[in-house]
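Letter by letter, the chains look like this.
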Amino acid sequence: NFAVATDLKTFVGRMKKEYDKFWTPNRVSTAAKYGLSPLQVMTLASIVSKESNKTDEYNNIAGVYINRLQKGMLLQADPTVVFARKETGRVLNIHLKIESPYNTYIHKGLPPGPLCIPNEAAVKAVLNYVPHNYLYFVANHTFDGYHHFSATLSEHNAWAALLHAAMNKRAALKKAQTH
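What this report covers is the structure whose coordinates are included nearby. (Residues numbered from 1 in each chain as written. Predicted model: local features only at pLDDT ≥ 70, side-chain atom pairs only at ≥ 80, totals over all residues. Heavy atoms only, no water.)

## Observations regarding unusual backbone geometry
For step 1, the next point in the chain: The residue Lys86 is not glycine, and still its phi comes out positive at about 65°.
For step 2, the next point in the chain: Relative to the elements of secondary structure, Lys86 occurs in the loop between helix H5 (78-85) and helix H6 (120-127).
For step 3, the next point in the chain: Classification of Lys86 by relative accessible area gives exposed; the value is 74%.
For step 4, the next point in the chain: A positive phi is found at Phe143, a non-glycine position, where the angle reads about 60°.
For step 5, the next point in the chain: Of note, Phe143 is situated in the loop between strand E1 (136-139) and strand E2 (147-150).
For step 6, the next point in the chain: We classify Phe143 as partly exposed; its relative accessible area is 34%. (Helix = DSSP H or I, 4+ residues; strand = E, 2+ residues; numbered from the N terminus. Buried < 20%, exposed > 50% of the residue type's maximum accessible area, 1.4 Å probe, protein only.)

## Some thoughts on the packing of helix H4 (residues 58-71) against H6
Packed helices, taken two at a time, are described by the angle their axes make and the gap between the axes.
For step 1, the next point in the chain: It is the contact of H4 with H6, at a shortest axis distance of 8 Å, that shows an interaxial angle of 50°. If you check the angle between H4 and H6, you find them oblique. Crossing handedness for the pair H4 and H6: right-handed. Residue-level contacts link Tyr58, Asn59, Ala62 and Ile66 of H4 to Ala121, Ala122, Ala125 and Val126 of H6. (Axes fitted to C-alpha atoms, helices over the stretch in contact; angles between N-to-C directions. Parallel < 35°, antiparallel > 145°, perpendicular 65-115°, else oblique. Left-handed = near helix turned anticlockwise from the far one by under 90°. Contact = heavy atoms within 4.5 Å.)

## Let's talk about the nonpolar core
For step 1, the next point in the chain: By size, the foremost hydrophobic cluster in this structure holds 31 residues, and its most contacted members are Val41, Leu44, Val48, Tyr65 and Val126.
For step 2, the next point in the chain: When contributions to this core are tallied by element, the ones reaching two or more residues are helix H3 (38-51), H4 and H6. (Core = buried A, V, L, I, M, F, W, Y, C linked by side-chain atoms within 4.5 Å.)

## Examining the packing of aromatic side chains
For step 1, the next point in the chain: What the rule picks out here adds up to 7 aromatic pairs.
For step 2, the next point in the chain: Judged by centre distance (4.6 Å) and plane angle (50°), the ring pair of Phe83 and Tyr102 falls under tilted. A residue pair is termed long-range when its members are at least 10 positions apart, and Phe83 in helix H5 and Tyr102 in the loop between H5 and H6 qualify at 19 residues.
For step 3, the next point in the chain: Where Tyr134 meets Phe149, the ring centres are 5.6 Å apart and the plane angle is 35°; that geometry is what we call tilted. In this pair, Tyr134 is assigned in the loop between H6 and E1 and Phe149 in strand E2, connecting sequence segments 15 residues apart.
For step 4, the next point in the chain: By relative accessible area, Tyr134 is classed as partly exposed at 26%.
For step 5, the next point in the chain: Looking at Phe149, the relative accessible area reads 10%, which means it is buried. (Phe/Tyr/Trp six-rings, centres within 6.5 Å; stacked < 30°, edge-to-face > 60°.)

## Looking at H3
Count 3.6 residues to each turn of an α-helix, and residues three or four apart come out pointing the same way.
For step 1, the next point in the chain: Over its 14 residues, H3 runs 20 Å from end to end, which matches the ideal 20 Å to within 8%, given 1.5 Å per residue.
For step 2, the next point in the chain: Burial within H3 is extensive, with 10 of its 14 residues counted as buried.
For step 3, the next point in the chain: All of the buried residues along H3 are Val41, Met42, Thr43, Leu44, Ala45, Ser46, Ile47, Val48, Ser49 and Glu51. (Expected span 1.5 Å × (residues − 1).)

## Overview of helix H7 (residues 153-178)
For step 1, the next point in the chain: The end-to-end C-alpha separation of H7 is 37 Å, in line with the 38 Å expected for 26 residues at 1.5 Å each.
For step 2, the next point in the chain: Within the span of H7, buried status applies to His156, Ala160, Leu163 and Ala166.
For step 3, the next point in the chain: Buried residues along H7 sit in contact with E1 and E2.

Structure (structure tokens):
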């Protein structure tokens, strides 16, 4: 906890102390096992934390991005586009072309830094992810806040089509209710 009157130097010093305390030699070694530095773990964890409010799926999300990094694929992480465009809301195809080092739809690898201060659950999910073969995920068409994970693009596209149909139906119902 910080007092309201905490000055910047004290705040930064405390944050640095906590960061150094968190990054034990064991955690640094675990990150290196995946080819990641502590900053890259924090960057990936920030993406994971922005992808879902459901901490029980952080492990799968982290694994998707680690799998993509290991295969040399684009991350194609929507939160990086939201960060690059500097406004929240649905990501549309036009947004995927925004020129920014944070746009992982046009630049391979991780962005240059975190999108936010990730929560501890997201950091631990990156450091302790359980390997799987998922390369894709999309929000469930039931709007329950969870995602469906897929190993193939064709399976992913089928689930994405269900989501888009549900979104269109929801928009049509909302429009009909306002008229």
